[in-house]
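# Observations on the model geometry
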Amino acid sequence: RMASTAAGKQRIPKVAKVKNKAPAEIQITAEQLLREAKERELELLPPPPKQKITDKEELNDYKLRKRKAFEDNIRKNRTVISNWIKYAQWEESLEEVQRSRSIYERALDVEHRNVTLWLKYAEMEMKNRQINHARNIWDRAITILPRANQFWYKYTYMEEMLGNPAGCRQVFERWMEWEPEEQAWHSYINFELRYKEVDKALKNWIKYARFEERHGYIAHSRKVYERAVEFFGEDHIEENLFVAFAKFEETQKEFERARVIYKYSLDRIPKQEAQELFKHYTMFEKKFGDRRGIEDVIVSKRRFQYEEEVKANPHNYDAWFDYLRLVENDADPDTVRDVYERAIANIPPIQEKRHWRRYIYLWINYALYEELEVKDPERTRQVYQACLDLIPHKKVTWNCFSKLTFAELETILGDSERARAIFELAIGQPRLDMPEVLWKSYIDFEIEQEEYENTRNLYKRLLQRTQHVKVWISSAKFELSVEDPERLQRCRQVFEEANKSLRNCEQKEERLLLLESWRDFEREFGSDATIERVRKLLPEKVKKRRKLTAEDGSDAGWEEYYDYIFPEDAANQPNRKLLAMVKLWKKQDPQRIHPS
């Protein structure tokens, strides 16, 4: 307390003492006081009059007043960012971009972690087409607040709208280094797909899956791989995705899952694009598979190669043969049949003989597989019958092996009449690839059936087509082999007929071969008289000389050769007399030169 003195000092009154310090029953807040004060206003204050600016001086005065008001608000509370933003937007509306930029920079000094402030700042620069300034703001924003995804989305969107995919990709790469959430990865992947960069999109899926795996979310990582496979579908199958997926399962000790992934991808990826896949699959089987698994890898690779070859050229029958040999050793009958059916479906487009020959071998191998491997005679017969129905002789020269094998099948099945009919159909073709094989098979068939008369008729029919000496000798041996009292006479008769038939043969060696076979027969089964008779038919071997002429008609000298003179040939009688005289001269004078 202070009391006033006589010197005139004022006396301060005493403070009233509060006797009751208990709180009032009804408490009134400051908010209620303000609301009641507002409600008790009896008159509404009219809005300020609108001012129409007519000259530059008035405009400057208006700007000055508004700026002062904004600055006063900022001074009162610097942390209210909305005041800064309103101030900057007002300057922007007056096209004062530099002032607006200055206000944003001042605001960032106050609160640099405010996301809205960065967004408004960057949007102001973009609206005014200040691209480099906008890039600078986005770079600063993602550096200070890398977890604010709005910055990344808007930054990449801006670059893409500007037609700068390289810059957009660079921003995405910086973003992915921060390992953001799933939607960010999808945005990057969709961006790459929009620009047909499938490989880059694939890498992002793999990065995303590895990110989940690295943080221990194994189920999420597997789901990402599965979604990636589903996302790309079969139109954009990439071996790197399946390699990464399989290696992930391998790391998780899910070996069977990894094996299924490898096999699934190998069935769908072209050979030329699956080299790494085969390499990793082989390494996987070597580490975790057995011998059968490794063999399956090799077989799968070869099978894959054959599939590509036959797809590239379905009429490459050699590739089909190699493919079939492979599957016959390792596949089940249904798979082998499927490959055979696919192969025989490729009928040669032209009637050239060599193409049809290779094609017919496919049918023959198909039938042999059914007969020998599957042991299904009825299906084998169906294959042969389908072959015969498909390839009539009018189209192409008939390959004798097809009917020959068919006939042998019917023989095994005990249907000799059907086999004989097939042989007859075969030898009735006007042209045959290997007639001697077919005729021999037919003859052997009749001998096996002990139909000797049929066999003799076959030899007669064959000799009407060819007078080859081996056919005559074979016919004679057949007669000798038949258990019949007249077999020697029949055999001798064949030799007689053969000798008469070959008298006009230009190939004297063939006639000599026949007589030598006849002589051997008589030596074993004949008498001295028959042996002597054949000996008299043997020719004399003489050495002769003849003049040679070159291709251009000039003289090429002389050459020596051997000739045979048969006693039966009437035309050769003078030669025999001449030969006798030469022998006489040689006895008289051994040094005499042999006549030409």
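Residues numbered from 1 in each chain as written. Predicted model: local features only at pLDDT ≥ 70, side-chain atom pairs only at ≥ 80, totals over all residues. Heavy atoms only, no water.

In the nomenclature of an unreviewed UniProt entry, the protein is known as Crooked neck pre-mRNA splicing factor 1 of Takifugu rubripes. On record in UniProt, under Sequence similarities (unreviewed entry), the comment for the protein is "Belongs to the crooked-neck family." Heading Subcellular location (unreviewed entry) of the UniProt record for the protein holds this comment: "Nucleus". (UniProt positions renumbered as here; feature names shortened; annotations may be inferred.)

Along its length, the protein carries 28 helices and 2 strands. Taking all 596 residues of the protein together, 36% fall into the buried category. Summarising the internal contacts of the protein: among those between residues at least 6 apart in sequence, 48% fall at separations of at least 24. With the model as given, the accessible surface of the protein reaches about 37,800 Å², and the carbon-plus-sulfur share is 49%. (Helix = DSSP H or I, 4+ residues; strand = E, 2+ residues; numbered from the N terminus. Buried < 20%, exposed > 50% of the residue type's maximum accessible area, 1.4 Å probe, protein only. Contact = heavy atoms within 4.5 Å. Areas by Shrake-Rupley, 256 points an atom, 1.4 Å probe, with all protein chains shown as cover.)

Moving on, we come to the pairing of strand β1 (residues 540-549). Looking at chain direction, β1 and strand β2 (residues 555-565) are connected through 10 bridges and run antiparallel. Counted as the bridge partner of Lys 547 is Trp 558 from β2. (Pairing = 2+ DSSP bridges.)

What follows is about the nonpolar core. Core analysis: the biggest nonpolar cluster contains 57 residues, and Trp 138, Phe 151 and Tyr 225 have the highest contact counts within it. For this core, the element with the highest residue contribution is helix α12 (residues 239-251), accounting for 7 residues. If you look at the next biggest cluster of nonpolar residues, it comprises 35 residues, including Trp 439, Phe 495, Ala 498 and Leu 502. (Core = buried A, V, L, I, M, F, W, Y, C linked by side-chain atoms within 4.5 Å.)

The next thing to look at is the pattern of salt bridges. Counted under the stated rule, the structure contains 28 salt bridges. Measuring nitrogen to oxygen at the nearest pair gives 2.9 Å for the salt bridge that ties Arg 140 to Glu 105. With a gap of 35 residues between them, Arg 140 in helix α6 (residues 131-144) and Glu 105 in helix α4 (residues 97-110) connect regions that are remote in the sequence. Relative accessible area serves as the criterion here: at 25%, Glu 105 is assigned to the partly exposed category. A salt bridge links Arg 325 to Asp 322; the nearest nitrogen and oxygen atoms lie 2.2 Å apart. One end of the pair is Arg 325 and the other is Asp 322, both in helix α16 (residues 317-330) and 3 residues apart, which spans about a single turn. Within the structure, one salt-bridge network assembled from shared partners comprises Asp 334, Arg 337, Glu 370 and Arg 379. (Salt bridge = Lys/Arg side-chain N within 4 Å of Asp/Glu carboxyl O.)

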